[in-house]
Amino acid sequence: MVSVSVQALPKDATSWLELAREVEARGFAGLTTADHPGAVPAPFVALAAAGAVTSRIGLGSYVSNAGVREPQHIAADVATLDVVSGGRARLGLGAGHTPAEWRAVGRERPGVAARVERCMAVVLAVQELLAGEEVSVESPYLSVRGARLESPRPVQDRIPLTVGTSNSRLLRFAGEHADVVGLSGLGRTLPDGHMHEVRWTTDVVDQQVALVAGGAAGRTAPPVLEALVQLVSVTDDAETAAAEFAAHAGVSPRELLAVPYVLVGTEDEIVDAVAEHHRRWGITRYVVRADAVEAMTPLLPRLATIG
């Protein structure tokens, strides 16, 4: 069964709560929001508000920067969201890429290897805190001394954890420890500190999925694979609609249409593409932007039959 969630940012109370109600009424699986301190609204506050006007959809950060947030704060935020939403919280974590977010807390952004080490350490610490354990860590990447999450305790036995990454080591780690692995096709951070190189080819997806599978080799149930969709367009001319994105990615429109980061074509072509993503890679979850809600709604019942 393939499910679709929505990623959005609140602009004001009225439109945000209307969107939350709409996402639920239309049959989407969840509502998520980005986490870039200082640049976007605080995710857990926004999600708690959305939880007050919904009853079914999952609610999660997508994704929180493990480099600038501490495990105790992350665990308390997501546990509180789980309580006030009646057990619907999700948590997304990533290694972080925006230099300004480190400078804002008095540090310079470390290199990739150090960011990955810290992310892994934070993921494990947060999972242990949410499980009710006392946590102590002392390493060059993370320092935690006798931390406990005594209150609030989550409603769910295990809050679903998404690790979003394109890094090879972190993909293997996510295969071993995450509930969901978020694939985005985003690569090295560009000099502006915000945008990324893209890796939108099927061979890269093959490689990344294989890394996740390798990490999950010893698990009874492997993590779910989820794709962050950058473009949705229902059209009779898929290649023309995808041309601009394809040029940006340095691939042909036909090559771009084969990866899970764009859903472009007629309704039948999009459903067929999702079925192929499931067959080839096992992807069962997608996250689309808020501007795709209208286009995706009629496809949801058909996508739910895949798998």
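Before reading further, recall that the structure is shown in the block above.
As a starting point, this report considers the structure included with it.

What counts and how
- The numbering scheme is per chain: residues are counted from 1 as the chain's sequence reads.
- Reporting in this predicted model follows two pLDDT cut-offs: at least 70 for local features of residues, and 80 or more for side-chain atom pairs to be given and counted; totals over whole chains, interfaces and linings ignore these cut-offs and use all residues.
- Hydrogen atoms and water are omitted, and side-chain values are computed over all heavy atoms in the structure.
- Only rings of Phe, Tyr and Trp enter the pairing, Trp through its six-membered ring, and a pair is recorded when the two centres are within 6.5 Å. The plane angle decides the type: under 30 degrees is stacked, over 60 is edge-to-face, the rest tilted.
- We count a stretch as a helix when DSSP gives it H or I for four or more residues in a row; a strand needs E for two or more, and each element gets its number in order from the N terminus.
- Note on exposure labels: buried denotes an accessible area under 20% of the residue type's maximum, exposed denotes more than 50%, and partly exposed covers the range between, all computed with a 1.4 Å probe on protein chains only.
- The term salt bridge refers to a pairing of a side-chain nitrogen on Lys or Arg with a carboxyl oxygen on Asp or Glu at a separation within 4 Å.
- Cavities and pockets were defined on a 1 Å grid built from protein atoms only: a cavity is a group of points that admits a 1.4 Å probe but offers it no way out, a pocket is an open group of points flanked by protein on both sides within 12 Å along at least five of seven lines, and a lining residue is one with an atom within 4 Å of any such point.
- Grid points are joined across faces, edges and corners, and a volume is the space filled by probe spheres set on the points.
- For this classification, Asp, Glu, Lys and Arg are treated as charged, while Ala, Val, Leu, Ile, Met, Phe, Trp, Tyr, Cys and Pro are nonpolar and the rest, including Gly, are polar.
- Each patch is assembled from residues with relative accessible area greater than 30% and no salt bridge, linking like charges that lie within 9 Å and nonpolar side chains (Val, Leu, Ile, Met, Phe, Trp, Tyr) that lie within 5 Å.
- Only the protein chains shown count as cover for residues, with accessible areas throughout obtained via the Shrake-Rupley method and a probe of 1.4 Å.
- Charge assignment: positive for Lys and Arg, negative for Asp and Glu; neither His nor the chain ends contribute.
- Where a charge lies is defined by one atom per residue type, namely NZ (Lys), CZ (Arg), CG (Asp) and CD (Glu).

### So, the packing of aromatic side chains
- Under the counting rule described, the total for this entry stands at two aromatic pairs.
- Ring plane angle 5° and centroid distance 5.9 Å describe the contact between Trp200 and Phe245, whose orientation is recorded as stacked. Residue Trp200 is found in the loop between β11 (196-198) and α7 (202-215), and its partner Phe245 is found in helix α8 (residues 238-249); the two are separated by 45 residues along the sequence.
- Overall, Phe245 belongs to the partly exposed group, its relative accessible area being 26%.
- With 6.4 Å between their ring centres and 35° between their planes, Trp200 and Tyr261 make a pair best called tilted. Taken together, the residues Trp200 in the loop between β11 and α7 and Tyr261 in the loop between α9 (253-256) and β14 (262-265) connect sequence positions 61 residues apart. For the pair Trp200 and Tyr261, one class covers both residues: buried.

### Looking at the pattern of salt bridges
- Evaluation of the coordinates by the stated rule reveals twelve salt bridges.
- Note that Glu70 is salt-bridged to Arg118, the shortest N-O span being 3.1 Å. Of this pair, Glu70 sits in the loop between β4 (64-65) and α3 (71-84) while Arg118 sits in helix α5 (residues 112-130), and the two are 48 residues apart along the sequence.
- Note on Arg118: relative accessible area 9%, which makes it buried.

### Description of the layout of surface pockets
- A volume near 200 Å³ is recorded for the second largest pocket.
- For the second largest pocket, the lining is made up of 15 residues, of which Val126, Gln127, Leu130, Ala131 and Arg158 are closest to its centre.
- Here the element with the most residues in the lining of the second largest pocket is α5; it accounts for six residues.
- A class-by-class count of the residues in the lining of the second largest pocket yields nine nonpolar, two polar and four charged.

### Describing a negative patch on the surface
- Negative charge collects at one region of the surface, where Asp236, Asp237, Glu269 and Asp272 lie side by side.
- Position of Asp236 relative to the elements: it lies in the loop between β13 (231-234) and α8.
- Relative accessible area serves as the criterion here: at 75%, Asp236 is assigned to the exposed category.

### Describing unusual backbone geometry
- In this model, Tyr62 is joined to Val63 through a cis peptide bond whose omega is -10°.
- Along the polypeptide, Val63 turns up in the loop between β3 (58-61) and β4.
- Residue Pro152 is bonded to the preceding Ser151 through a cis peptide linkage, with omega at 0°.
- Along the polypeptide, Pro152 turns up in the loop between β7 (143-147) and β8 (161-164).

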